[in-house]
Amino acid sequence: MRPFTYLSAPDVTTALRAIATEPGARLLAGGTNLVDLMRQDVERPTTVVDISTLPLDEVQELPAGGLRIGALVRNSRLAAHPAVRSRYPVLSQAVLSGASGQLRNMATVGGNLLQRTRCPYFADGTAACNKRDPGSGCAAIGGFHRGSAVLGTSEHCIATHPSDMAVALVALDAVVEVQSLRGTRRIPLAELHVLPGDTPDVETALDPDELVTAVELPALPVAASSRYRKVRDRASFAFALVSVAAAMEVADGTVTAARLALGGVAARPWRAHLAERALVGAPATEEDFRRAATAELATAVGRPQNAFKIELARRTVVATLHQLTTEGGAA
Amino acid sequence: MAEVELRVNGTSSRVQLDPRVSLLDALRERLRLTGTKKGCDQGACGACTVLVDGERILACLALAVQYGGREITTVEGLGRPGRLHPLQEAFIRFDGFQCGFCTSGQICSAVGMLAEHRAGVPSVVTPRLAATATPLSEAEIRERMSGNLCRCGAYDGIVDAIQHVAGVDDRAATAEPAADR
């Protein structure tokens with residue numbers, strides 16, 4: 001690991017000033033991703049700004065009925081929060097699907113959103129990677145790409161975003177609050193992560209001087225009937241091949257409301273608007289679920305090793321929606 | 001260099017540390033507490049699990065400077081020869097290890113996991129998330145301990161040992177384990 005200056009920020013303003021003035025500064029919260037990447041020489045900060053003791057670690061009720069989740073709320077606290085478990089069970093399940101008990105005790109909400117891809121070539125300094133080293137090429141295309149993306153890819157990058165939590169959040173219409181010395185702004189989570197295009201090194205809509213301070217969930221009655229389903233190579237402690245966050249209401253056999261997002265398939269948590277449109281107003285049958293999933297996956301591009309993800313995603317959508325109709329949500 | 005107050009197993013030490021030093025290396029190389037093991041050093045195996053303010057974390061991904069003033073417990077702080085922690089006793093009784101390299105991480109992790117379960121924290125295999133209490137079934141233990149790998153494959157013994165200490169499995173609690181025969 002390269003040497004760096006360590007700064008423990010006593011307040012938000014100090015942290016904002018550090019990232020606004022030091023081009024090589026990186027924010028450190030739980031450290032589960034950044035410390036690992038620093039050890040692998042992928043991240044090379046000259047200043048590490050420790051924000052882990054800032055007072056951004058509360059979950060609060062919003063007046064309009066939603067929740068405000070501080071950026072430094074630990075993953076384990078978020079998943080165990082009574083309001084999340086009863087009103088947004090898909091979020092609790094998604095968080096509990098990720099990593100391990102120890103990592104969830106360390107990792108924060110903000111860090112989870114901003115974690116980097118687990119594409120093996122990104123962490124391998126000897127491999128071509130346009131995300132780590134712009135212009136060097138993509139070793140995953142033509143190399144090992146079983147876990148790579150099938151939606152929203154480009155000829156420059158087929159990496160996925162690894163978060164489970166973000167897949168649930170994007171289905172729930174979450175909004176991210178960010179602060180800088182210039183002020184505060186709110187970004188829909190669906191717009192936080194950007195697709196690779198020809199600049200896969202640009203991963204989010206954040207400016208370098210911005211700090212994620214909170215994530216807000218709107219009041220969303222349909223979320224009470226929601227589930228997260230993750231398909232992976234082993235039963236636990238593995239990243240998703242495909243995952244589905246779903247919330248649905250059915251009345252008299254007809255879908256009246258639906259929220260759907262896919263994980264493990266794109267550089268962003270993938271909100272499935274096309275499938276939602278196909279679902280609402282249609283009968284709640286497996287045949288209709290399959291039609292909706294197919295509409296969403298029409299633009300998917302599979303490669304030799306990961307083409308299976310398209311059919312796997314379709315089947316996982318159908319299975320998750322079917323489970324919602326037969327067993328209800330996970331609360 | 002940074003001065004850090006490390007409070008480990010009830011003893012406080014002031015140490016000068018390069019901020020790059022992980023909590024794991026500080027424990028092992030500065031405080032000579034080598035019970036905590038370095039396995040993968042990248043957050044994938046759980047061998048370095050310690051407790052911070054009673055919660056289990058991975059010491060390999062923790063920079064020591066971030067943990068100044070926090071109450072850290074390592075396997076050395078759980079029990080000692082002649083006065084073992086109930087989980088240490090149970091790991092011996094139920095053959096919860098073979099080579100032993102993952103064992104301190106397994107035991108620290110189990111201590112933290114049992115506290116999480118007592119506090120009503122659900123897992124992804126919990127059938128109803130809104131329920132306040134869930135029985136600690138074998139499936140729950142295996143899921144909640146999935147961050148601790150055992151290369152010898154002593155998982156059956158590990159699960160039996162944890163179930164015994166949790167007092168949830170009458171069969172395991174009343175079985176006559178090999179070590180006692």
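Residues numbered from 1 in each chain as written. Chains lettered and ligands numbered in written order. Predicted model: local features only at pLDDT ≥ 70, side-chain atom pairs only at ≥ 80, totals over all residues. Heavy atoms only, no water.

Enquirer: Whenever I open this one, the overall build of chain B confuses me. Can you help?
Expert: The helix and strand tally for chain B stands at seven helices and five strands. Reading chain B from its N end, one meets helices and strands in the order β-β-α-β-β-β-α-α-α-α-α-α. Restricting the contact set of chain B to residue pairs at least 6 apart, pairs at least 24 apart contribute 54%. Total accessible area computed for chain B in this model is approximately 8200 Å², and 49% of it derives from carbon and sulfur atoms. Here chain B contributes 20 positively and 22 negatively charged side chains, and the mean placements of these two sets differ by 4 Å. (Helix = DSSP H or I, 4+ residues; strand = E, 2+ residues; numbered from the N terminus. Contact = heavy atoms within 4.5 Å. Areas by Shrake-Rupley, 256 points an atom, 1.4 Å probe, with all protein chains shown as cover. Lys, Arg positive; Asp, Glu negative; His and termini not counted. Charge placed at Lys NZ, Arg CZ, Asp CG, Glu CD.)

Enquirer: So what exactly am I meant to see when it comes to the nonpolar core here?
Expert: Leu-78, Tyr-88, Leu-91, Leu-113, Leu-169 and Leu-217 of chain A are the most contacted members of the largest nonpolar core, which has 45 residues in total. At seven residues, the largest contribution of residues to this core is made by helix H8 (residues 165-171) of chain A. Not counting the four nearest positions on each side in its chain, Leu-169 of chain A is found in contact with Leu-91, Leu-113, Ala-174, Leu-189, Val-215 and Leu-217 of chain A. If you look at the next biggest cluster of nonpolar residues, it comprises 34 residues, including Leu-103 of chain A together with Val-4, Cys-60 and Val-65 of chain B. (Core = buried A, V, L, I, M, F, W, Y, C linked by side-chain atoms within 4.5 Å. Buried < 20%, exposed > 50% of the residue type's maximum accessible area, 1.4 Å probe, protein only.)

Enquirer: Help me understand the domain arrangement of chain B, please; the structure alone is not making it clear to me.
Expert: Interfaces are often sized by the accessible area lost when the parts come together. Residues and elements named next belong to chain B. Under the domain assignment used here, chain B contains domain 1 (2-78) and domain 2 (86-180). Taken over C-alpha atoms, the centre of domain 1 sits 23 Å from the centre of domain 2. Contacts between the two partners involve 16 residues from domain 1, matched on the other side by 16 residues from domain 2. Of the roughly 1300 Å² buried where domain 1 meets domain 2, counting both sides, 58% is carbon and sulfur surface. Our count for the domain 1 to domain 2 interface comes out at one salt bridge. Across the salt bridge formed by Arg-56 and Glu-116, the nearest N and O atoms sit 2.9 Å from each other. Our enumeration of links across domain 1 and domain 2 arrives at seven residue pairs in polar contact (both at pLDDT 80 or more). Elements represented by at least two residues in the side of domain 1 that touches domain 2 include exactly strand E3 (49-52) and helix H2 (75-78). Among the elements that make up the side of domain 1 that touches domain 2, the one with the highest residue count is E3 (three residues). Of the residues in the side of domain 1 that touches domain 2, the class split is seven nonpolar, six polar and three charged. (Domains from an automatic or database assignment. Buried area = accessible area lost by both parts, 1.4 Å probe. Salt bridge = Lys/Arg side-chain N within 4 Å of Asp/Glu carboxyl O. Polar contact = N/O pair within 3.5 Å; in protein donor to acceptor, adjacent residues only side chain to side chain. Nonpolar A, V, L, I, M, F, W, Y, C, P; charged D, E, K, R; others polar.)

Enquirer: Whenever I open this one, the pairing of strand E5 (residues 67-70) of chain A confuses me. Can you help?
Expert: Strand residues, when the strand is regular, have side chains that alternate between the two faces of the sheet. All names here are of chain A. By the bridge criterion, three bridges tie strand E4 (residues 59-61) to E5 in an arrangement that is antiparallel. When the bridges of E5 are listed, Val-59 appears paired with Ile-69. In this antiparallel pair of consecutive strands, E4 and E5, the connection spans five residues, and Gly-65 shows a positive phi of 105°. Here four bridges tie E5 to strand E8 (residues 211-217), and the two strands are oriented antiparallel to one another. What sits directly across from Arg-68, in E8, is Glu-216. (Pairing = 2+ DSSP bridges.)

Enquirer: How should I be thinking about the interface of chain A and chain B in this particular structure?
Expert: Contact with chain A, which involves 40 residues of that partner, is made by 37 residues of chain B. Summing both partners gives a buried area of about 3100 Å² for chain A against chain B, and 53% of it is carried by carbon and sulfur. Contact with chain B buries area across many residues of chain A, yet Arg-39, Arg-85 and Gln-102 of chain A alone supply 21% of it, more than any other trio. There are two salt bridges connecting chain A and chain B. With its nearest N and O atoms 2.4 Å apart, the salt bridge here joins Glu-55 of chain B to Arg-77 of chain A. If you look at where chain A meets chain B, you find 21 residue pairs in polar contact (both at pLDDT 80 or more). Of all the elements in the fold, those that place two or more residues in the side of chain A that touches chain B are helix H2 (34-39), helix H3 (75-80), helix H4 (82-87), helix H5 (89-97) and helix H6 (101-106) of chain A. A per-class count over the side of chain A that touches chain B returns 17 nonpolar, 14 polar and nine charged.

Enquirer: Help me understand the domain arrangement of chain A in this model?
Expert: Segmentation of chain A into domains returns domain 1 (5-50) and domain 2 (224-326). Averaged C-alpha coordinates put domain 1 of chain A and domain 2 of chain A at centres separated by 36 Å.

Enquirer: Before we go on, may I ask you to explain the sheet that holds E4 of chain A in this structure?
Expert: Sheet strands associate in pairs through backbone hydrogen bonding, adopting either a parallel or an antiparallel arrangement. Residue and element names in this part refer to chain A. Read across the open sheet, the five strands follow the order E4-E5-E8-E6-E7; overall the sheet is antiparallel. Taken across any chain shown, the strands that pair with only one partner, and hence form the sheet edges, are E4 and strand E7 (183-188). For this sheet, the mean angle separating the axes of adjacent strands, direction not counted, is 25°. Summarising the sheet, strand E6 (residues 175-180) and E8 pair through five bridges and their orientation is antiparallel. Within the sheet, the bridge partner assigned to Val-178 lies in E8 and is Val-212. (Axes fitted to C-alpha atoms, helices over the stretch in contact; angles between N-to-C directions.)

Enquirer: Explanation requested: the UniProt feature "domain: FAD-binding PCMH-type" (unreviewed entry) in chain A in the structure shown.
Expert: Under the present numbering, the feature "domain: FAD-binding PCMH-type" (unreviewed entry) in UniProt falls on residues 1-222 of chain A. End-to-end, the C-alpha atoms of residues 1-222 of chain A are 47 Å apart, and along that stretch the chain is 25% helix and 17% strand. (UniProt positions renumbered as here; feature names shortened; annotations may be inferred.)

Enquirer: I tried to follow the side chain of Asp-50 of chain A on my own but got confused; where do I start?
Expert: Counting through the fold element by element, Asp-50 of chain A comes out in strand E3 (residues 47-50). Buried and unpaired, Asp-50 of chain A has no salt bridge, with Arg-74 of chain A as the nearest side chain of opposite charge at 7.3 Å. Side chain to side chain, Asp-50 of chain A and Ser-52 of chain A meet in a polar contact 2.7 Å long. Leave out the neighbours within four places in its chain, and Asp-50 of chain A touches Tyr-6, Leu-7, Ser-8, Ala-9 and Leu-28 of chain A together with Gln-66 of chain B.

Enquirer: Explain the environment of Val-49 of chain A here, please?
Expert: Residues and elements named next belong to chain A. Position of Val-49 relative to the elements: it lies in strand E3. Along the sequence, Val-49 and Leu-16 sit 33 residues apart, while their C-alpha atoms lie 9.5 Å from each other. Leave out the neighbours within four places in its chain, and Val-49 touches Leu-7, Ala-9, Ala-15, Ala-18, Ala-25, Arg-26, Leu-27 and Leu-28.

Enquirer: Is there a simple way to explain the sheet that holds strand E10 (residues 242-251) of chain A in this structure?
Expert: All names here are of chain A. Strands sit in the order E9-E10-E11-E12 across an open sheet of four strands; the sheet is antiparallel. Pairing within the sheet leaves two strands with one partner each, and these edge strands are strand E9 (226-231) and strand E12 (270-271). Relative to E12, strand E11 (residues 254-263) runs antiparallel, the two sharing two bridges. Residue Leu-262 lies in a different strand from E12, and its bridge partner there is Trp-270. Here helix H11 (residues 308-327) sits on the sheet and contacts E9, E10 and E11; the angle it forms with E10, its principal contact strand, is near 35°.

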